[in-house]
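Here's the letter readout for the chains.
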Amino acid sequence: MTHDTTADLHVLSALNKRFIHNFVTNDVASHDAILHADFRALYTGGQHIDRKAYLQEWAHGFDPAVITYWDMRDQRINVVGDTALVGATNRWVRVRDGVEVIGMTCYTDTYVRSGANWLCVLAQLTPVAAENFPSDDTIVVKYLRGVRQ
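### Here we look at the pairing of strand β7 (residues 139–144)
For strand β3 (residues 67–80) and β7, the ladder comprises 5 bridges, and the chain directions are antiparallel. Looking at the pairing, W70 lines up with Y143 of β7. By the bridge criterion, 2 bridges tie β7 to strand β8 (residues 147–148) in an arrangement that is antiparallel. Bridge pairing in β8 places L144 opposite V147. A loop of 2 residues connects β7 with β8, the two strands running antiparallel in sequence, and R145 in this loop sits at a positive phi of about 50 degrees.

Listed below in structure tokens is the structure:
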């Protein structure tokens, strides 16, 4: 069966925005719906997280009083048959002990086609060194104190 790559790219881009929005709004139900039953995550320190633990963290992972700025930029989507790599970089500002800390984290989410839907089976995060920060002109979506701008 052949698939419309342009349509796939559109759907995957929308899923990527939904993924980010689900995080910022702590929307577990919406996020659960786009995860494959065998989903797992690999965090920046090398920690592997199963689906259940991941969703438990998702319920309270974003605190707009702590994460005052969040964006998604430099989106990259590659479709290879029924597998897709969806990646981007998040710039964030966190307030720790009254001090703002700025950083970026790159991610690659692996999606598989399941019937008519794409489901995320793996999310992998990597810290980004300052010399590799993508520019502001690649911002796709941004949030200030949890509110989409």
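Read on for the rest.
### Regarding the nonpolar core
By size, the foremost hydrophobic cluster in this structure holds 31 residues, and its most contacted members are L12, F19, Y54, W70 and Y111. Secondary-structure elements contributing two or more residues to this core are α1 (5–24), β1 (35–42), α3 (51–58), β3, β4 (83–96), β5 (99–114), β6 (117–127) and β7. Per element, the largest residue contribution to this core is 6 residues, and it comes from α1. Those residues in contact with Y54, other than ones at most four positions away along the chain, are F19, H31, L35, F39, A41, Y43 and I49.

Cut-offs and rules
Residues numbered from 1 in each chain as written. Predicted model: local features only at pLDDT ≥ 70, side-chain atom pairs only at ≥ 80, totals over all residues. Heavy atoms only, no water. Pairing = 2+ DSSP bridges. Helix = DSSP H or I, 4+ residues; strand = E, 2+ residues; numbered from the N terminus. Core = buried A, V, L, I, M, F, W, Y, C linked by side-chain atoms within 4.5 Å. Buried < 20%, exposed > 50% of the residue type's maximum accessible area, 1.4 Å probe, protein only. Contact = heavy atoms within 4.5 Å.

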